[in-house]
Amino acid sequence: MKNFINKKVLEIPPSGIRRFFDIIATMDEVISLGVGEPDFDTPWHIRESSIYYIEQGYTTYTSNSGLIELRETISKKLFQEHYLEYNSQDQVLITVGVSEGLDLALRAILNPGDEVIVHEPSYVSYKPCIIMAGGVPVVVETKLDDDFQLRAEDVEKVITKKTKAILISYPNNPTGAIINKDNLTKIAKIVEKYDLLVISDEIYGYLTYKGEHTCFATLPGMKDRTILLNGFSKAYAMTGWRIAYAASNRDIIKAMTKIHQYTMLCAPIISQKAAIEALNNGYSYMKSMIEEYNQRRRLIIESLNKIGLNCFKALGAFYVFPSIENTILSDEEFAEKLLLEEKVAVVPGSAFGDCGRNFIRCSYATSLNEIEEALKRIQRFFERYKK
Ligand SMILES: Cc1ncc(COP(=O)(O)O)c(C=O)c1O
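Conventions we followed
Within any chain, residue numbers begin from 1 and follow the written order of that chain's sequence. Selection of residues for local features in this predicted model requires a pLDDT of at least 70, selection of side-chain atom pairs for listing and counting requires 80 or more, and totals for whole chains, interfaces and linings are taken over all residues. Computation of side-chain values covers all heavy atoms of the structure but excludes hydrogens and water. Residue ranges for the domains originate in an automatic or database domain assignment. We call two residues in contact when some of their heavy atoms are within 4.5 Å. Buried area is calculated as the accessible area (1.4 Å probe) missing from two parts once they are joined, with the contributions of both summed. Salt-bridge detection follows one rule: a side-chain nitrogen of Lys or Arg within 4 Å of a carboxyl oxygen of Asp or Glu. Any pair of nitrogen or oxygen atoms within 3.5 Å is treated as a polar contact; in protein, a donor-acceptor pairing is required on top of that, and neighbouring residues in sequence qualify only through side-chain atoms on both sides. By definition, any uninterrupted DSSP run of H or I lasting at least four residues is a helix, any uninterrupted run of E lasting at least two residues is a strand, and each is numbered from the N terminus. Note on residue classes: Ala, Val, Leu, Ile, Met, Phe, Trp, Tyr, Cys and Pro are nonpolar, Asp, Glu, Lys and Arg are charged, and everything else, Gly too, is polar. For every residue, the accessible area obtained with a 1.4 Å probe (protein chains only) is divided by the maximum for its type, and the residue is called buried under 20%, exposed over 50%, and partly exposed between those limits. The axes are straight lines fitted to the C-alpha atoms, using for helices just the contacting stretch, and the angles between their N-to-C directions are given from 0 to 180°. The cut-offs work like this: below 35 degrees is roughly parallel, past 145 is roughly antiparallel, 65 to 115 is roughly perpendicular, and the gaps in between are oblique. Crossings are classed by handedness, with left-handed meaning an anticlockwise turn of the near helix from the far one by less than a right angle and right-handed meaning a clockwise turn. Residue proximity to a molecule or strand is established when one non-hydrogen atom of the residue lies within 4 Å of it. Residue exposure ignores everything except the shown protein chains as possible cover, and the areas themselves are Shrake-Rupley values with a 1.4 Å probe. For two strands to be treated as a pair, DSSP must find no fewer than two bridges joining them. Only Phe, Tyr and Trp rings take part, Trp by its six-membered ring, and two of them pair if their centres are within 6.5 Å. Stacked means planes under 30 degrees apart, edge-to-face means over 60, and tilted covers everything else.

A.B. asks: Mind showing me how you'd approach the domain arrangement of the protein chain here?
C.D. replies: Interface size is commonly expressed as the accessible surface area that is lost when the partners come together. Per the domain assignment, the segments making up the protein chain are domain 1 (7-42 + 284-385) and domain 2 (59-282). A separation of 25 Å is found between the C-alpha centroids of domain 1 and domain 2. Domain 1 puts 36 residues into the contact, and the matching count from domain 2 is 35 residues. Of the roughly 3000 Å² buried between domain 1 and domain 2, counting both surfaces, carbon and sulfur atoms make up 69%. For the domain 1 face of the interface with domain 2, the top three residues by lost area are M286, F312 and L315, together amounting to 21%. If you look at where domain 1 meets domain 2, you find 0 salt bridges. The interface formed by domain 1 and domain 2 includes 15 residue pairs in polar contact (both at pLDDT 80 or more). Listed by contribution, the elements that provide at least two residues to the side of domain 1 that touches domain 2 are α11 (283-307) and β9 (319-320). It is α11 that contributes the most residues to the side of domain 1 that touches domain 2, 8 residues altogether. Taken together, the residues that form the side of domain 1 that touches domain 2 break down as 22 nonpolar, 8 polar and 6 charged.

Rendered as structure tokens:
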């Protein structure tokens, strides 16, 4: 039989994270600092209200764009938090996770061969999604020396006639970096100068431990040029509900909705109801989760540095990205041996782009007790493999 698989799909390498999860699945008693998912259950008030709505028979499709009540609530929140005005009728689209929002955004704007600038290390899905949407990812490396912040001058260097968009993702997965407003403002000027769009994945926006998160669309001239993606998976511990939203100008939301209506129809109604509850009543519980993450963050950074795995001061998301340069191992070897010898799962930095090679990603979306135990094991492991 001939090979029926699409060429682009064949060319995309499998996710570097998956391989580790496949090994973990065969082992007992692993402490996982590997997952990118909150260890908290979805807050009870959200689950309870959803049970109520299931009982009431909320089991149908909704409009393609999503429940108007949810779009209005999102629109109100964006105004309250960022003074951003999005019309709930035609500038907000409810998506099945930021994952779907990202795919829709890319497919809505890209013609074959269009380039999308993406900074690395970054979330594993970006490059594959750009390729599958017919685009060409153009990587800009971010560096430890710059606290993994994207620099406008590095962006400008790779702009060509084919550049259509920049995909920006802060707070960042895997580095935990946040980006300051100054840098974002410089990037915004370049976006204007070269007539580009920005896809801004702000899924970790609430998980900012110092200062305020800057929403890219708030920068001068950027609202209409930004496709803002945000969702409920991380801040509200709602990964399994698959619920998120996109906000942008009318033309872009219309184009994204067109794809969404033929491929997805709508996001699950019960998850949309849950999202309304999260936005209306979820703030204090979310804050308490953030405080807990922050406590863990301080502990893990301090301890890794003491061990000798130099760890930059990550101020966002729930990841730290220590360097393994003081060991004799590559990032892949480090992650694999640590898993097999000490039963601690971390992710090799190169899973997030070549420039992540000398690092590993540790998630602190794991209980404090488990983190403490994992750190003891990492210390033992480090003593065996240090330079
Ligand atoms: C940066 C980033 N964007 C998007 C996602 C996917 O989010 P969702 O669950 O809303 O699809 C993740 C998940 O890990 C992520 O880290």
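A.B. asks: It is not clear to me how the side chain of N173 should be interpreted in this structure. Could you clarify?
C.D. replies: Mapped onto the fold, N173 is located in the loop between β5 (163-168) and α8 (181-193). Residue class for N173 comes out buried when judged on its relative accessible area of 6%. In terms of polar contacts, N173 uses its side chain to reach the side chain of R361, at 2.7 Å.

A.B. asks: Sorry if this is basic, but what is going on with the packing of helix α12 (residues 331-342) against helix α13 (residues 368-385) here?
C.D. replies: Relative orientation and spacing of two packed helices are given, respectively, by the angle between their axes and the distance between those axes. At a minimum axis separation of 11 Å, α12 and α13 run at an interaxial angle of 120 degrees. Relative to α13, the element α12 lies oblique. Crossing hand, α12 versus α13: right-handed. On the side of α12, the interface is formed by F334, K337, L338, E341 and E342, while α13 contributes R377, I378, R380, F381, R384 and Y385. Its residues assigned to classes, the contact of α12 with α13 shows 5 nonpolar, no polar and 6 charged.

A.B. asks: Can you help me understand the pattern of salt bridges in this one?
C.D. replies: Pairing is possible between side chains of opposite charge, provided their charged atoms come close. Taken as a whole, this structure holds 20 salt bridges when the rule is applied. Linking D39 and R296 is a salt bridge whose minimum nitrogen-to-oxygen distance equals 3.0 Å. With D39 in the loop between β1 (31-32) and α3 (44-55) and R296 in helix α11, this residue pair connects regions lying 257 residues apart in the sequence. On the basis of relative accessible area, R296 is assigned to the buried category, the value being 2%. Between R151 and E153 there is a salt bridge whose closest N-O contact spans 3.7 Å. Its relative accessible area of 28% is what places R151 among the partly exposed residues. Classification of E153 by relative accessible area gives partly exposed; the value is 40%. Each of D146, R151, E153, D154 and K157 takes part in one network of salt bridges that share partners.

A.B. asks: Sorry if this is basic, but what is going on with the site of the ligand here?
C.D. replies: The full set close to the ligand counts 13 residues, and V98, S99, D201, S233 and K234 are the nearest of them. One of the side-chain N or O atoms of S233 is found 2.7 Å from an oxygen atom in the ligand. In this structure, K234 approaches the ligand through a side-chain N or O atom, which is 2.6 Å from an oxygen atom. Out of a free accessible area of 400 Å², the ligand has 93% covered by protein chains. Ranked by residue count, the leading element in the shell around the ligand is helix α5 (residues 97-109), at 3 residues. Broken down by class, the residue content of the shell around the ligand amounts to 5 nonpolar, 5 polar and 3 charged.

A.B. asks: Any chance you could explain the sheet that holds strand β4 (residues 136-141) here in plain terms?
C.D. replies: One key point about sheets: their strands pair by backbone hydrogen bonds, in either a parallel or an antiparallel sense. Reading across the sheet, the 7 strands line up as β2-β8-β7-β6-β5-β3-β4 and stay open at both edges, with mixed pairing between neighbours. If you trace the sheet from one side to the other, it starts and ends with β2 (92-95) and β4, each paired once. Ignoring which end each strand starts from, the neighbouring axes of this sheet average 20 degrees apart.

A.B. asks: Explain the pairing of strand β12 (residues 360-363) here, please?
C.D. replies: A regular strand places its side chains on the two faces of the sheet in alternate fashion. Here β12 shows a buried face lined by I360 and C362 and a second buried face lined by R361 and S363. Note that β9 and β12 share 2 bridges and pair antiparallel. Across the sheet, Y319 pairs through a bridge with S363, a residue of β12. Of the strand pairs in this sheet, strand β11 (residues 347-348) and β12 are connected by 2 bridges, and their pairing is antiparallel. By the bridge assignment for β12, V347 is matched with R361.

A.B. asks: Hey, could you run me through the packing of aromatic side chains in this one?
C.D. replies: Two aromatic rings are characterised by how far apart their centres lie and by the angle between their planes. Taken as a whole and judged by the stated rule, the model has 18 aromatic pairs. Relative to F321, the ring of F148 lies with its centre 5.6 Å away and its plane at 80 degrees, an arrangement referred to as edge-to-face. Linking F148 in the loop between β4 and α7 (152-157) with F321 in the loop between β9 and α12, this pair joins segments that are 173 residues apart in sequence. The same class applies to F148 and to F321, which are both buried. When the ring of F334 is compared with that of F381, the centres are 5.0 Å apart and the planes differ by 75 degrees; the resulting orientation is edge-to-face. Of this pair, F334 sits in helix α12 while F381 sits in helix α13, and the two are 47 residues apart along the sequence. Per residue, the accessibility class of F334 equals that of F381, and both read buried.

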